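One-letter residues, chain by chain:
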Amino acid sequence: QAEDGIRDYKVTGVQTCALPIFTFRLLTFTLEGLRPKEFIAMKNKLLKISGIIFIVLLLLIIATPFLFKDKIFGKVQTELNNTLNANLRIESFSLSMFSTFPNFKLGLSNLSIEGKDDFKGDTLMKAEQIDVVVDVMSVIKGDQIEIRKIKLENAQINLLVNAAGKANWDITKP
């Protein structure tokens, strides 16, 4: 009989297999074999690493609106002015991620849209606050911005149609 458990054709009698047999328990990672001090040290190390990762992600979430605020406001202003045939005024702009995580919330304060040409001097819309929730990934990619929600506070909207049948809300450029 061979000691390594391999059967020789000339050997007769009872043969045993010395090859290891794996069980599910042997393949799983357990901390049972560690001594208490080693277990506590490993646990503390994992908690520190997890804590550092959490803090870094939290700081990125907090910093992102401030780092990209001017870029986003500039892009919003440019896009609105490029697409509207009206006078747009925005007093202030805010950006947040906390209340709408994982999306951005753009806040526009004291917004007004006044008509041009046939409706010069007429105010189409005035609002104390407009909140727009925007998909983060669409902002990062930059090709097309996806709007999830629009909220108006204390808004006044004046819809007019002149004698020629032209509406004051038709302010998008062709």
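Note that this is a predicted model, so its numbers are computed, not measured.

### Side note on the confidence of the model for the protein
(1) Moving on: When pLDDT is averaged along the protein, the result is 78; 79% of the residues meet or exceed 70.
(2) Moving on: Taken as a whole, residues 22-28 scores under 50 in pLDDT and shows three contacts with residues more than four places along the chain or in a different chain.

### Details of the pattern of salt bridges
(1) Moving on: Enumeration according to the criterion identifies four salt bridges in this entry.
(2) Moving on: As a salt-bridge pair, arginine 148 and aspartate 135 come within 2.9 Å of each other at their nearest N and O atoms. Of this pair, arginine 148 sits in strand β4 (residues 147-157) while aspartate 135 sits in the loop between β3 (123-134) and α3 (136-141), placing them 13 residues apart in sequence.
(3) Moving on: Assessed through its relative accessible area of 48%, arginine 148 is described here as partly exposed.
(4) Moving on: Glutamate 146 is paired through a salt bridge with arginine 148; the nearest N and O atoms lie 3.6 Å apart.
(5) Moving on: Linked by salt bridges that have partners in common, Asp135, Glu146 and Arg148 make up one network.

### Overview of the sheet that holds β3
(1) Moving on: The antiparallel open sheet is built from four strands, whose spatial order is β1-β2-β3-β4. With partners counted over all chains shown, the strands left at the sheet margins are β1 (86-96) and β4, one partner each. Ignoring which end each strand starts from, the neighbouring axes of this sheet average 20° apart.
(2) Moving on: Here β3 runs beside β4; their pairing, made up of nine bridges, is antiparallel. The residue bridging aspartate 131 from the neighbouring strand is lysine 151, located in β4.

How each quantity is defined
- Residues numbered from 1 in each chain as written.
- Predicted model: local features only at pLDDT ≥ 70, side-chain atom pairs only at ≥ 80, totals over all residues.
- Heavy atoms only, no water.
- pLDDT = per-residue confidence, 0-100.
- Contact = heavy atoms within 4.5 Å.
- Salt bridge = Lys/Arg side-chain N within 4 Å of Asp/Glu carboxyl O.
- Helix = DSSP H or I, 4+ residues; strand = E, 2+ residues; numbered from the N terminus.
- Buried < 20%, exposed > 50% of the residue type's maximum accessible area, 1.4 Å probe, protein only.
- Pairing = 2+ DSSP bridges.
- Axes fitted to C-alpha atoms, helices over the stretch in contact; angles between N-to-C directions.

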